Amino acid sequence: ATKDIKGTIPENISYEEMAACIEGLHYAFNSLNKLSLKPGQKVLVNGATGAIGSATVQLLKYYELDITATANTKNIALVKSLGATQVIDYLKSDFTKLDQQFDYVLDTVGKSSFNQCKPILKEGGIYISSELGWMAQNLFYALFTPLFSKKKVIFPIPNDTTNGFQLVQELLTNGQFKAVIDRTYPLEEIADAYRYVETGEKTGNVVVVMN
């Protein structure tokens, strides 16, 4: 049953932390709710240090999957603390060349493709990207791979807001989810915040604070 979620923030959670949870978890939840997740299934998360990726890893831990994730060297320990059992340093290795196969490959930064990831998907495996892909190919793959391939693409339309927000309240209250915040900027420095995000070097979220 759907609970009443009239916007209350759990105790001991700041506005900054709550704001940093919402976007990433919203998109992470709306990818995972397209899948029939079972404890112990193997999943690879590309881009585990972004807002969506860090939320995805934590949700997968909650759902008790076996998580492999990619991160840069400085964030390996962080990603392990979020729930990954194996972390691939993308500065040193190409995850698409792994001698392993996964039930799911979730690209939360949209920097791979279905064709690159097919070799590491099991039969019946599913690929999801946060981006449309080159020439919007992921939309076409989502339409046709279920018909013609044993490995398929799902495009994660983020159409469920209520249940995602309800879940983040529950997980925050129970200490099962944490916001990953890289930097906080005052509103008058919002241009600097955007410039930092555009470097592609942020970890988790950048928060703009309005006093």
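In case you missed it, the structure is sitting above this.
Quick caveat: nothing in here was measured; it's all calculated off a predicted structure.

Visitor: For this particular structure, what's the right way to read the packing of aromatic side chains?
Guide: Inspection of the entire model under this criterion finds three aromatic pairs. A ring pair is formed by Phe 114 and Tyr 127, whose centres lie 6.1 Å apart and whose planes are at 50°; its orientation type is tilted. Residue Phe 114 is found in helix H4 (residues 114-117), and its partner Tyr 127 is found in strand E5 (residues 121-129); the two are separated by 13 residues along the sequence. Overall, Phe 114 belongs to the buried group, its relative accessible area being 2%. One aromatic cluster is present, formed by Phe 114, Tyr 127 and Tyr 141 through successive ring pairs. Over the face of the ring belonging to Tyr 196 we find Arg 183, whose NZ or CZ atom lies 3.6 Å from the ring centre.

Visitor: Would you take a moment to explain unusual backbone geometry for this structure?
Guide: Excluding glycine, residues mostly have negative phi values, and the peptide bonds linking residues are mostly trans. Positive phi, normally seen in glycine, also occurs at Met 135, with a value near 55°. By secondary structure assignment, the location of Met 135 is in the loop between E5 and helix H5 (137-148). Classification of Met 135 as exposed rests on a relative accessible area of 62%. At Ala 136, a residue that is not glycine, the phi angle is positive and equals roughly 60°. Assignment of secondary structure puts Ala 136 in the loop between E5 and H5.

The rules we used
- Residues numbered from 1 in each chain as written.
- Predicted model: local features only at pLDDT ≥ 70, side-chain atom pairs only at ≥ 80, totals over all residues.
- Heavy atoms only, no water.
- Phe/Tyr/Trp six-rings, centres within 6.5 Å; stacked < 30°, edge-to-face > 60°.
- Helix = DSSP H or I, 4+ residues; strand = E, 2+ residues; numbered from the N terminus.
- Buried < 20%, exposed > 50% of the residue type's maximum accessible area, 1.4 Å probe, protein only.
- Lys NZ or Arg CZ within 6 Å of the ring centre and 35° of its normal.

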